[in-house]
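# Understanding the architecture of this molecule
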Amino acid sequence: MRIGILGVGHLGAYLLRGLIDAGTAPGDLLLSPRGAEAARRLSDSHGIAVAASNAALVEAADLVVLAVRPADAVAAVDGLPWTSRHLLVSACAGVRLDALRPPAAPAEVVRAMPISAVSIGRSPTTVYPDHPAAREVFSRVGEVLVLPDEEAFSVASVSAALYGWVHELIGRSVAWSAAQGLPEPLARRLQAQTFAAAAGMVLDAPDLPVDELVRRLATPGGITEAGLDSLRRDGVGEAWTDAQDAAFARLRALGGPPDTPR
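So, here's what we can say about the structure.

About the cut-offs
- Residues numbered from 1 in each chain as written.
- Predicted model: local features only at pLDDT ≥ 70, side-chain atom pairs only at ≥ 80, totals over all residues.
- Heavy atoms only, no water.
- Core = buried A, V, L, I, M, F, W, Y, C linked by side-chain atoms within 4.5 Å.
- Buried < 20%, exposed > 50% of the residue type's maximum accessible area, 1.4 Å probe, protein only.
- Helix = DSSP H or I, 4+ residues; strand = E, 2+ residues; numbered from the N terminus.
- Contact = heavy atoms within 4.5 Å.
- Axes fitted to C-alpha atoms, helices over the stretch in contact; angles between N-to-C directions.
- Parallel < 35°, antiparallel > 145°, perpendicular 65-115°, else oblique.
- Left-handed = near helix turned anticlockwise from the far one by under 90°.
- Nonpolar A, V, L, I, M, F, W, Y, C, P; charged D, E, K, R; others polar.
- Pairing = 2+ DSSP bridges.
- Polar contact = N/O pair within 3.5 Å; in protein donor to acceptor, adjacent residues only side chain to side chain.
- Phe/Tyr/Trp six-rings, centres within 6.5 Å; stacked < 30°, edge-to-face > 60°.

Let us now look at the nonpolar core. Counting 31 residues, the largest nonpolar core has Leu57, Val64, Leu66, Trp82, Leu88 and Leu100 as the members making the most contacts within it. Residue assignment for this core shows that the elements contributing at least two residues are α3 (54-60), β4 (63-66), α4 (73-77), α5 (97-104), β6 (108-113), α7 (150-179) and α11 (236-254). The dominant element in this core, judged by the number of residues it contributes, is α5, at four residues. What leucine 88 contacts, discounting residues up to four positions off in sequence, is Val64, Leu66, Val77, Trp82, Ala104, Glu108, Val109 and Val110. Formed by 27 residues, the second largest nonpolar core is a distinct cluster that contains Ala13, Val65, Leu87 and Ala133.

Pasting the structure below:
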C-alpha cells in the first residue's frame, strides 16, 4: 500500500517521521509538492519521492492522508483523479464526511485525528468510520481508537486540544520548580514523567473512577489535598470544562455543516 500525504504541514511532517521510524519503506511514501521544511529534509535524507502535482500523488497512492488547514480541505481534494480504489483519510479538524465525500467521489473517506506524538509512535488516533487500511497505518504510530459515529468523533477530537493544554501545564510546573532552584533539565524530566505516570495509573485501572483515584491520593492534611483545595477555590475545574466547551465550539465552526446537537 502506497501512502500519500497531501498537504505536508507540521502534522504531515510529524506523521512522516513516525512512519519512517516505524519501518515504513521510503518507496511506500509519497509527498505532495508543497510542504513544510521539516518534511523536505526528511524527504531528502530518506529518499522519499515528492509528487509532481497533487493529481500525480493521487494517481500513485492507494491511501491519501489529507493534512491541510480545515478551510482548505474541500478545495484541496476537489478535481483530483479519485477512483474507487482510493481511501482518503482526512486529518482536518471539524471537516465532516458529507463535505468531503462529493469532491472525493468515488473514493472512500475516513476521518482521523492524530496528534503530533505520531512522530514518536505514541499518538492515540481516533478514526471514524472504521476502515482496516486506516487502522493499519495509524497503528504504526500509536493506538487507534475507532469511534461509533461522527458525533462521538467530534467529541473525541477535543482531546487534540487537551494534548496542547497538558504541555502548558507541564511548562508551568517546570517553570515553578526551576524558580525554586531545581535545575531546569531535571525539572523538565521530573514533571513530564509525573504527568506520564498519572496517565499510566488511569489506564492501569480502567474500572476505577478517576475521582476515586484522586480521593485515594488526597490524604487528609497532605500536600495533594492542599493543592487541590487551592485549585478548587480558584475554579480551575470549571475553567477546564469551559476550555473544552470552547474547543468543541471551534471544531463545529471549522468546516462543513454543524454537527447534530447533542
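Moving on: the packing of α7 against helix α8 (residues 184-204). Between α7 and α8, the least distance of the axes is 9 Å, while the angle of their chain directions is 140 degrees. The orientation of α7 relative to α8 falls into the category oblique. Taken as a pair, α7 and α8 cross one another with a handedness that is right-handed. Between α7 and α8, the contacting residues are Val166, Leu169, Ile170, Ser173, Val174, Ser177 and Ala178 on the first element and Glu184, Ala187, Arg188, Gln191, Ala192 and Phe195 on the second. Looking at the contact of α7 with α8 residue by residue, the classes come out as eight nonpolar, three polar and two charged.

Below, the discussion takes up the sheet that holds strand β5 (residues 87-90). Taken together, the eight strands give an open sheet; going across it, the order is β3-β2-β1-β4-β5-β6-β7-β8, and neighbouring strands pair in mixed fashion. The outermost strands of the open sheet, each flanked by one partner alone, are β3 (49-50) and β8 (144-146). Here strand β2 (residues 29-31) pairs with β3 via two bridges, running parallel. When the sheet's bridge partners are listed, leucine 30 is paired in β3 with alanine 49. In this fold α5 packs onto β4, β5, β6 and β7 (125-128), with an angle of close to 140 degrees to the strand it touches most, β6.

Along the chain, threonine 194 falls in helix α8. Along the sequence, threonine 194 and glycine 9 sit 185 residues apart, while their C-alpha atoms lie 31 Å from each other. Polar contacts involving the side chain of threonine 194 include one to the main-chain carbonyl oxygen of leucine 190, which spans 2.7 Å.

With that settled, the discussion passes to the packing of aromatic side chains. Summed over the entire model, instances satisfying the criterion amount to one aromatic pair. Seen from their ring centres, tryptophan 165 and tryptophan 240 are 5.4 Å apart, and the 85 degrees between their planes marks the pair as edge-to-face. Here tryptophan 165, found in helix α7, pairs with tryptophan 240, found in helix α11; they are 75 residues apart in sequence, far enough to count as distant.

Within the fold, glycine 23 resides in the loop between α1 (10-21) and β2. A relative accessible area of 59% means that glycine 23 is categorised as exposed. Residues glycine 23 and alanine 199, 176 residues apart in the sequence, show an inter-C-alpha distance of 27 Å.

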